[in-house]
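Residue-level structural notes
Below are the chains, spelled out letter by letter.
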Amino acid sequence: MKIGITCYPTYGGSGVVATELGIELAARGHDIHFITSAPPFRLTGREANIHFHEVSVSNYPLFEYPPYDLALATRMAEVAELYSLDILHVHYAIPHSVCALLARQMLAARGKHLPFITTLHGTDITLVGLDRSYLPITQFGIVQSDGVTAISSHLRDRTREAFNISSEIEVIRNFVNCDVYQRDPAKVATMRPLYAKPEEKILAHLSNFRPVKRVTDVIEVFARVAAAMPARLLMIGDGPDRSAAEYLAARLGVRDRIHFLGKQENVNELLPLADLMIMPSEMESFGLAALEAMACGVPAIATRVGGVPELIDDGINGLLFPIGDVDAMGTAATALLSDPAAYRTMAEAARKTAQDRFCASRIIPLYEDYYQRVITRTSTHP
Ligand code: GMT
């Protein structure tokens, strides 16, 4: 198939999923056209079957705001026509589904057919879409899509309820390439000394440091573990709450035990260095960061929110807690890290969950099948 993909190309779960999906589809022989404002950050630019079409937004002194949405819709229609796309797949409802709708209408006016699928990732529904000013247009974009997928059953149900949508929403969960995300003991032996001494445990957190991630809870949990055993924390990512986390770390006396690494390209090399992942989010529609860690054999201490229980079975492949219960998270993390047998069992279960249920080789065919169904349905009943 010839597939157009639009996403936010910067750091963030939806962009990661969209880019990894494009890479996996291209490896399976599909022709992939990314239509984005910048090259998606996980692309090298040298992958076979992958093309990148930049959306450039021309500005003019009259425009108070550069019209990105219009430039994107125009580029979508152009690329679809020039490269005979079979389908367009947009990630994150706002504004991408509405841009795709415009592109579809522009092409229809010329007798061309371009079905589009919207994948909902979470904050497009839970935060942005429920802002009253965006709700009607988000709802319109979803309803007008030729197909809609959600990354968890929780997000599907939440979307139906919040937007009063009765049409089908297909659940296709996040995935991970278990060959790229795995623990290579030789690499770990080389890289681990850069961050910790042999006797120190390593905890990790990976996010965009937005308030929904509760990064200060990560510091609180780590401070409790570090009080009980030698430990280090890798804070991977960056965002608005980073300075609050740094300030709290200094106040709790653990600043020198924490590596704030900023935004990182190759998280698949960093995650396997960790013993535990901490994901204390206020909300996660799925929790891709935990899945990536689990694929590397790193269990997660997380909150029982959103779609996280669809990934983590409490006590089996990770541990779940109420939002903000940093005492319980700290106690459980310390206990698990002090019990090598229990830790090994949980780490193995985490890797096995990623392999058995969320491996790219299982999830990508679900997208292929869904594309085919939408293409067939809309070509017979456009
Ligand atoms: O929260 C983020 O990291 C950003 C956000 C996004 O859309 O970029 O992530 C959402 O999409 C991820 C990929 O599908 C999910 O794994 C995250 O759970 C989801 N974040 C939230 O729901 C808060």
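As the structure is a prediction and not an experimental result, all values here were calculated from the model. Along each chain, residues carry numbers from 1 onward, in the same order as the chain's sequence is written. The model is predicted, so local features are restricted to residues of pLDDT at least 70 and side-chain atom pairs to those at 80 or more, both for listing and for counting; the totals for chains, interfaces and linings are taken over all residues. Computation of side-chain values: all heavy atoms of the structure, hydrogens and water removed.

Here strand β5 (residues 116–120) lies mainly inside the structure; five of its five residues are buried. A 1.4 Å probe rolled over the protein chains alone gives each residue an accessible area, and that area as a share of the maximum for its type sets the label: buried under 20%, exposed over 50%, partly exposed in between. Put simply, DSSP H or I for four residues or longer makes a helix, DSSP E for two residues or longer makes a strand, and each gets a number counted from the N terminus. Alternating positions in β5 separate into two faces, Phe116, Thr118 and Leu120 on one and Ile117 and Thr119 on the other, with burial throughout. Criterion used throughout: strands pair if DSSP finds at least two bridges between them. Here strand β4 (residues 87–91) runs beside β5; their pairing, made up of four bridges, is parallel. Pairing of Leu88 across the sheet is with Phe116, part of β5. Where the polypeptide runs from β4 across helix α3 (residues 96–108) and back to β5, its parallel neighbour, the crossover connection is right-handed. Here β5 runs beside strand β6 (residues 147–150); their pairing, made up of four bridges, is parallel. Looking down the strands as they point away from the viewer, one classifies a crossover as right-handed if the path from the first strand across the helix to the second runs clockwise.

To continue, consider the pattern of salt bridges. Take a side-chain nitrogen of Lys or Arg and a carboxyl oxygen of Asp or Glu: if they are within 4 Å of each other, that pair is a salt bridge. Under the definition given, this model contains 21 salt bridges. In this structure, the salt-bridge partner of Glu81 is Lys112, at a minimum N-O distance of 2.7 Å. In this pair, Glu81 is assigned in helix α2 (residues 68–82) and Lys112 in the loop between α3 and β5, connecting sequence segments 31 residues apart. Close ionic contact of Glu310 with Arg173 constitutes a salt bridge, the shortest N to O distance being 2.8 Å. A residue pair is termed long-range when its members are at least 10 positions apart, and Glu310 in the loop between β12 (300–303) and β13 (318–321) and Arg173 in the loop between β7 (170–171) and α7 (185–191) qualify at 137 residues. Of the residues examined, Arg173 reaches a relative accessible area of 26% and is grouped as partly exposed. Connected via shared salt-bridge partners are Glu81, Arg110 and Lys112.

Right, let's talk about the sheet that holds strand β8 (residues 201–206) for a bit. Pairing is parallel in the open sheet, where six strands are placed in the order β10-β9-β8-β11-β12-β13. Only two strands of the sheet have a single partner each, and these edge strands are β10 (258–262) and β13. Between one strand axis and the next, the sheet turns by 20° as a mean value, whatever way the strands run. As defined by bridge partners, β8 adjoins strand β9 (residues 231–236) across six bridges and the pair is classed as parallel. Interaxial angle, 0 to 180 degrees, is taken between N-to-C directions of lines fitted to C-alpha atoms, where a helix line uses only the stretch in contact.

Attention shifts here to the sheet that holds strand β2 (residues 31–36). Spatially, seven strands are ordered β3-β2-β1-β4-β5-β6-β7 in an open sheet, and the strand pairing comes out parallel. The outermost strands of the open sheet, each flanked by one partner alone, are β3 (50–54) and β7. Across the face of the sheet, helix α1 (residues 13–27) comes into contact with β1 (2–6), β2, β3 and β4 while running at roughly 155° to β2. Any two residues having at least one pair of non-hydrogen atoms within 4.5 Å are treated as being in contact.

Take the packing of aromatic side chains next. Here a pair means two rings of Phe, Tyr or Trp (six-membered ring of Trp) with centres within 6.5 Å. Their orientation is stacked below 30 degrees between planes, edge-to-face above 60, and tilted elsewhere. Scanning all chains against the criterion turns up three aromatic pairs. Ring geometry for Phe286 versus Phe358: centroids 5.5 Å apart, planes at 70°, classification edge-to-face. Linking Phe286 in the loop between β11 (276–279) and α11 (288–295) with Phe358 in the loop between α13 (340–357) and α14 (360–380), this pair joins segments that are 72 residues apart in sequence. The pair Phe286 / Phe358 is uniform in exposure class, with both members buried. Ring geometry for Tyr367 against Tyr371: centres 6.4 Å apart, planes inclined by 40°, an arrangement best described as tilted. Taken as a pair, Tyr367 and Tyr371 lie in helix α14 at a separation of four residues, close to a single helical turn.

Per the annotation, domain bounds derive from an automatic or database assignment of domains. Assigned domains within the protein chain: domain 1 (2–175 + 360–380) and domain 2 (185–357). Between domain 1 and domain 2, the C-alpha centre-to-centre distance is 31 Å. The interface of domain 1 with domain 2 comprises 20 residues on the first partner and 16 residues on the second. For the pair domain 1 and domain 2, the number of links is one salt bridge.

Lining the immediate surroundings of the ligand are 18 residues, of which Ser14, His121, Asn174, Lys213 and Glu284 lie closest. Residue Phe286 places a main-chain N or O atom 3.1 Å away from an oxygen atom belonging to the ligand. Ranked by residue count, the leading element in the shell around the ligand is α1, at three residues. For this scheme, ten residues count as nonpolar: Ala, Val, Leu, Ile, Met, Phe, Trp, Tyr, Cys and Pro. Four count as charged, namely Asp, Glu, Lys and Arg, and the remainder, Gly too, count as polar. Taken together, the residues of the shell around the ligand break down into six nonpolar, ten polar and two charged. Taken together, domain 1 (2–175 + 360–380) and domain 2 (185–357) each give at least three residues to the shell around the ligand, which thus spans both. Being near a molecule or strand, for a residue, means having at least one of its heavy atoms within 4 Å of it. Pairing of N or O atoms within 3.5 Å defines a polar contact, subject to two protein rules: one partner must be a possible hydrogen donor and the other a possible acceptor, and residues neighboring in sequence count only if both atoms are side-chain atoms.

The residue after Ile94, namely Pro95, is reached through a cis peptide bond having omega -5°. When you line up the elements, Pro95 lands in the loop between β4 and α3. Residue Asn49 is not a glycine yet carries a positive backbone phi of 70°. Turning to its location among the elements, Asn49 is positioned in the loop between β2 and β3. Taking the relative accessible area as the measure of exposure, Asn49 reaches 32% and is therefore partly exposed.

As a further point, take the packing of helix α8 (residues 215–228) against helix α9 (residues 242–251). At their nearest, the axes of α8 and α9 sit 8 Å apart, and the two run at 20° to each other. Looking at the two axes, α8 sits roughly parallel to α9. Read as a crossing pair, α8 and α9 show a hand that is right-handed. Here Val215, Thr216, Ile219 and Glu220 of α8 lie close against α9, whose contacting residues are Ala244, Ala245, Leu248 and Ala249. Each residue belonging to the contact of α8 with α9 can be placed in one class, and the counts come to six nonpolar, one polar and one charged. Each angle receives one of four descriptions, namely roughly parallel if under 35 degrees, roughly antiparallel if over 145, roughly perpendicular if within 65 to 115, and oblique otherwise. Handedness of a crossing follows from how the near helix is turned relative to the far one, being left-handed for an anticlockwise turn of less than a right angle and right-handed for a clockwise one.

Definition of nonpolar core: a set of buried residues of the types Ala, Val, Leu, Ile, Met, Phe, Trp, Tyr and Cys, connected through side-chain atoms within 4.5 Å. Counting residues in each nonpolar core, the largest one holds 79 residues, and the members touching the most others are Ile32, Phe175, Met277, Leu291, Leu311, Ile312 and Tyr371. Looking at this core element by element, the count peaks at eight residues for α14. When residues are assigned to domains, this core turns out to be shared by domain 1 (2–175 + 360–380) and domain 2 (185–357), each giving three or more. If you look at the next biggest cluster of nonpolar residues, it comprises 33 residues, including Val215, Val218, Ala249 and Phe260.

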